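# Coordinate inspection notes
Take a look at the letters that make up each chain.
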Amino acid sequence: MLILTRRPGERVVIGDEIFVTVMSVSGHTVRLGIAAPAGVPIYREEIWLAVKEENRAAAAATADALPSTPPTADAAHSGRSQAPASEAPASETPASEAPAERPASEAPAER
Amino acid sequence: MPISFQSIRFGTVEIRPEDVIEFPFGLIGLGGLRYALIDRNPGTGFLWLHEIDNPALALPVVSPVRFFPDFVLEIAPEDQERTGLHDLTGAQLYVTVRATPDPLDITVNLRAPLVIRDGRGYQVINTREDAPLQAPLFTLAAQSQIAS
């Protein structure tokens, strides 16, 4: 691992297009500014690790791992019994209209 | 002309060319660039998001809207830029399913949903603070039914 010492306001350049700026240092907290091409995903490590773990756990499912007749919400509430598949039929392409998304202007600048 | 691909779970799978979903950035930690949604559990709401070029890579998914009426997805501006998902008009939302022997222990990841639109798919981080990585699928659905 390459280890560099930087002061607030100084940068590290990765390749020709990724700039990491030390914005400020306060006690044990370092604020970083990262400028990268739009096609480069940037994650906090703990989020990346956690999502990766969930994805791997999901991908470990075998073909028969899913319930063929999942309990309805009522059955889930009343007891651990299998309920008949009386839900609305699933569609190959459910029309899951997305709920309103917060406008970009209100979204936090920091992830 | 249907496309067929191999699956270690389901054998030979046939899909229509328009069912191919390109994931330019893959799934987080798993990769994969071309997936398709296949329905091997009709009537349950579970679908499989199957990588077309990797017979072993497939994840069960469900529509979060179906089980979590209050589900909201918020995407950070940088991710909106990267994915073009400035709004979610016409997009389909899915969440990955962690399958368990007891259906009531099944959880889904509301923190990193899959957004699919116009043949392209992205796994994005939901910046909503109350979006859990492991949301119980059925018990939460029951609670929200009672609450409403």
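Rules of the game
Residues numbered from 1 in each chain as written. Chains lettered and ligands numbered in written order. Predicted model: local features only at pLDDT ≥ 70, side-chain atom pairs only at ≥ 80, totals over all residues. Heavy atoms only, no water. Helix = DSSP H or I, 4+ residues; strand = E, 2+ residues; numbered from the N terminus. Buried < 20%, exposed > 50% of the residue type's maximum accessible area, 1.4 Å probe, protein only. Contact = heavy atoms within 4.5 Å. Phe/Tyr/Trp six-rings, centres within 6.5 Å; stacked < 30°, edge-to-face > 60°. Lys NZ or Arg CZ within 6 Å of the ring centre and 35° of its normal. Pairing = 2+ DSSP bridges. Axes fitted to C-alpha atoms, helices over the stretch in contact; angles between N-to-C directions. Salt bridge = Lys/Arg side-chain N within 4 Å of Asp/Glu carboxyl O.

On to the overall build of chain A. Secondary structure summary: chain A contains two helices and three strands in total. Taken from N to C terminus, the helices and strands of chain A fall in the order β-β-β-α-α. Within chain A, the fraction of its 111 residues that count as buried is 24%. Partitioning the contacts of chain A with sequence separation of at least 6, the portion at a separation of at least 24 is 6%.

Any pair of aromatic rings gets described here by the distance separating the centres and the angle formed by the planes. All names here are of chain B. All told, the structure shown has four aromatic pairs over all chains when counted by the stated rule. Arranged with centres 5.0 Å apart and planes meeting at 65°, the rings of phenylalanine 23 and tyrosine 35 form a pair that is edge-to-face. Of this pair, phenylalanine 23 sits in the loop between strand 3 (21–22) and strand 4 (34–38) while tyrosine 35 is found in strand 4, placing the two residues twelve residues apart along the sequence. Of the two residues, phenylalanine 23 and tyrosine 35, neither departs from the other in class, the shared state being buried. Positioned above the aromatic ring of phenylalanine 25, the side-chain terminus of arginine 82 is 4.6 Å from the ring centre.

Turning to the pairing of strand 6 (residues 58–62) of chain B, a few remarks are in order. Residue and element names in this part refer to chain B. When you tally the buried positions in strand 6, you get five out of five residues, the bulk of the element. Both faces of strand 6 are covered, namely the face carrying Ala58, Pro60 and Val62 and the face carrying Leu59 and Val61. In terms of strand pairing, strand 5 (residues 47–51) meets strand 6 through four bridges, oriented antiparallel. Within strand 6, the residue paired with leucine 47 across the bridge is valine 61. The loop that links strand 5 with its antiparallel partner strand 6 comprises six residues.

Residue and element names in this part refer to chain A. A sheet is described by the order of its strands in space; here three strands give the open sequence 1-2-3, paired in antiparallel fashion. Of all strands in the sheet, those bounded by a partner on one side alone are strand 1 (11–14) and strand 3 (29–35). When the angles between neighbouring strand axes are averaged without regard to direction, this sheet yields 25°. Two elements, strand 2 (residues 18–26) and strand 3, share seven bridges in a ladder whose sense is antiparallel.

Turning our eyes to something else, we now look at the pattern of salt bridges. Side chains that differ in charge, positive against negative, can pair when their charged atoms come close. Within this structure, the stated rule accounts for ten salt bridges over all chains. Measuring nitrogen to oxygen at the nearest pair gives 3.4 Å for the salt bridge that ties arginine 6 of chain A to glutamate 10 of chain A. According to the relative accessible area criterion, arginine 6 of chain A is partly exposed, its value standing at 38%. Arginine 82 of chain B is paired through a salt bridge with aspartate 79 of chain B; the nearest N and O atoms lie 3.1 Å apart. Of this pair, arginine 82 of chain B and aspartate 79 of chain B both sit in helix 2 (residues 77–83), three residues apart, roughly one helical turn. Residue aspartate 79 of chain B is classed as buried on the basis of its relative accessible area of 1%. Connected through shared salt-bridge partners, Glu53 and Glu54 of chain A together with Arg98 of chain B make up one network.

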